[in-house]
Amino acid sequence: MEIAQFVRRGYPWSSLSKTKQRSGDFDDLIKPGWLPTALVVNILTPKDDRQGETVAQSDLISISDAETLSTIHLPATTSDVRWTPTKLPPIEIIDGQHRLWAFEETSELDGEFELPVVAFYGLDISWQAYLFYVINIKPKKINTSLAYDLYPLLRTEDWLDRVEGLPVYRETRAQELTEALWSYADSPWHDRIDMLGEGGRQAVSQAAWIRSLTATFIKSWEGRRVQIGGLFGSRMGEENAVLPWTRAQQAAFVIHLWSELEVAIGDCDAEWAEVLREAEPEEVLGGDAAFRGSKTLPNTDQGVRAIMAVVNDLCWVRSEALNLRAWPEGAFSDGTSTIGIGDSLKSLKKQDVGVFVADVMRSLASYDFRTYSAPGLNEEQRNSKARFRGGTGYRELRRDLLLWLAESTDEISEAANDVLEILER
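The model shown is predicted, which means the values in this text are computed figures rather than measured ones.

Reading the values: rules and limits
- Residues numbered from 1 in each chain as written.
- Predicted model: local features only at pLDDT ≥ 70, side-chain atom pairs only at ≥ 80, totals over all residues.
- Heavy atoms only, no water.
- Core = buried A, V, L, I, M, F, W, Y, C linked by side-chain atoms within 4.5 Å.
- Buried < 20%, exposed > 50% of the residue type's maximum accessible area, 1.4 Å probe, protein only.
- Helix = DSSP H or I, 4+ residues; strand = E, 2+ residues; numbered from the N terminus.
- Contact = heavy atoms within 4.5 Å.
- Expected span 1.5 Å × (residues − 1).
- Pairing = 2+ DSSP bridges.
- Axes fitted to C-alpha atoms, helices over the stretch in contact; angles between N-to-C directions.

Colleague: Can you tell me about the nonpolar core, naming the residues and giving the values?
Modeller: Ranked by size, the top nonpolar core spans 78 residues in total, and within it Phe-217, Phe-232, Phe-253, Trp-258 and Leu-314 carry the most contacts. The element that contributes the greatest number of residues to this core is helix H9 (residues 247–266), accounting for ten residues. Apart from the residues lying within four places of it in its own chain, the contact partners of Phe-253 are Phe-217, Leu-231, Phe-232, Trp-245, Val-311, Cys-315, Trp-327, Leu-348, Val-353 and Val-357.

Quick look at the structure:
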């Protein structure tokens, strides 16, 4: 039976197909078998009657109590492997019948195994039915995404990645964060993400946001040579531990960086920003063209990914100095509710990392964010910005932004130079 295989080789190896199990390529996934769920049984008393039958006196199990310790005394005859009850069996199985049946196939198992057992004594039939219902019918599986918040270490476990694929976490979380950016009323991207993939809209698509989040904050690792992972998806710092931010905290962090950039660009009076505002006036566009116009990089696929990558990189290399783990979880941070995100945003602004991100956004705001087709560019500028088009544009723009920040204030400059050094290894 499958449960016997599970106990013998353990999960995740036992969940693989027979072909993969026989290949030998997954032998490193063999882990000690373990059944964490206890068998639930009822020990019958001399008075218990089941359809006119009781347990024979020689088969009764007795219990003796001595202060805080109780001892179960089994009949001497049960040590014989050929033993069968004279009349009614002295133990009733409330939950775990299939596990016991699987262990009858001893040829499937190597060695001896101990099973955890919860035993009741003289439990009424009605109570047994109630226990079975509570154990097997009433409970519901927790949301998969919530599991990664309750136990953040799951985000980086290699065995889970190889068997089920951590895209289960990364893609689901990226979807949730995208929806939070789109739905949260105070988000700069409120109602400004193309959630339906309709062509011709002047908005970054939902799919592009998911890809960008997966490639930045929720990535696990860039590769063996480039050791910069995602703040939400990998281990970091001296403790090499996962950052235990919840969904609401993660959503608040992403909203915070974009809110700070929107404010910073709004305050920017650089030539590039004024040119875009003149081309697309606010009263026509419904917002600042330097941030949300059709010719500005923050409103493009490449810009979204590069900006988030830079913030992720800087916070990653400064994780210890910024004390990222000091940001406390709010009372409503289990999901991505408006209250949870609002509380997290309020507390984030008081954290070192919240102040640092705001400073980074102010330094970025003066960067010329015009796209290659924007008005006012000379030939040299246009050719330079043409580098940001296509698949290589993400990497080129990310590097350009880091070089710009390397000329900023001391703390930001130091972090940017650290990232550039890592990227050039």
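Colleague: Outline the environment of Leu-322, supporting the account with residue identities and numerical values.
Modeller: Inspection of the secondary structure puts Leu-322 in helix H14 (residues 319–322). Residue Leu-322 is classed as buried on the basis of its relative accessible area, which comes to 4%. C-alpha separation for the pair Leu-322 and Gly-354, spaced 32 residues apart in sequence, amounts to 9.1 Å. Once residues lying within four places of it in the same chain are set aside, the contact partners of Leu-322 are Cys-315, Asp-352, Val-353, Phe-356 and Glu-411.

Colleague: With reference to specific residues and values, describe helix H16 (residues 352–364).
Modeller: A rise of 1.5 Å per residue sets the reference length of H16, with its 13 residues, at 18 Å; its end C-alpha atoms lie 18 Å apart and thus fit the reference within 8%. Of the residues making up H16, those classed as buried are Val-353, Gly-354, Phe-356, Val-357, Ala-358, Val-360, Met-361, Ser-363 and Leu-364. Buried residues in H16 make contact with H9, helix H13 (301–317), H14, helix H15 (338–348), helix H18 (393–405) and helix H19 (410–423).

Colleague: With reference to specific residues and values, describe the sheet that holds strand S1 (residues 39–43).
Modeller: Sheet strands line up and pair through hydrogen bonds in the backbone, either parallel or antiparallel. With mixed pairing, three strands are arranged side by side in an open sheet as S4-S1-S5. Of all strands in the sheet, those with a lone pairing partner are strand S4 (91–95) and strand S5 (117–121), marking the two edges. Averaged over all neighbouring strand pairs, the angle between strand axes comes to 30°, with direction disregarded. Sheet topology note: the S1/S5 ladder contains five bridges and is parallel. Directly across from Val-40, in S5, lies its bridge partner Val-118. Where helix H4 (residues 125–136) meets the sheet, its contacts fall on S1, S4 and S5, and the angle it forms with S4 comes to roughly 35°.

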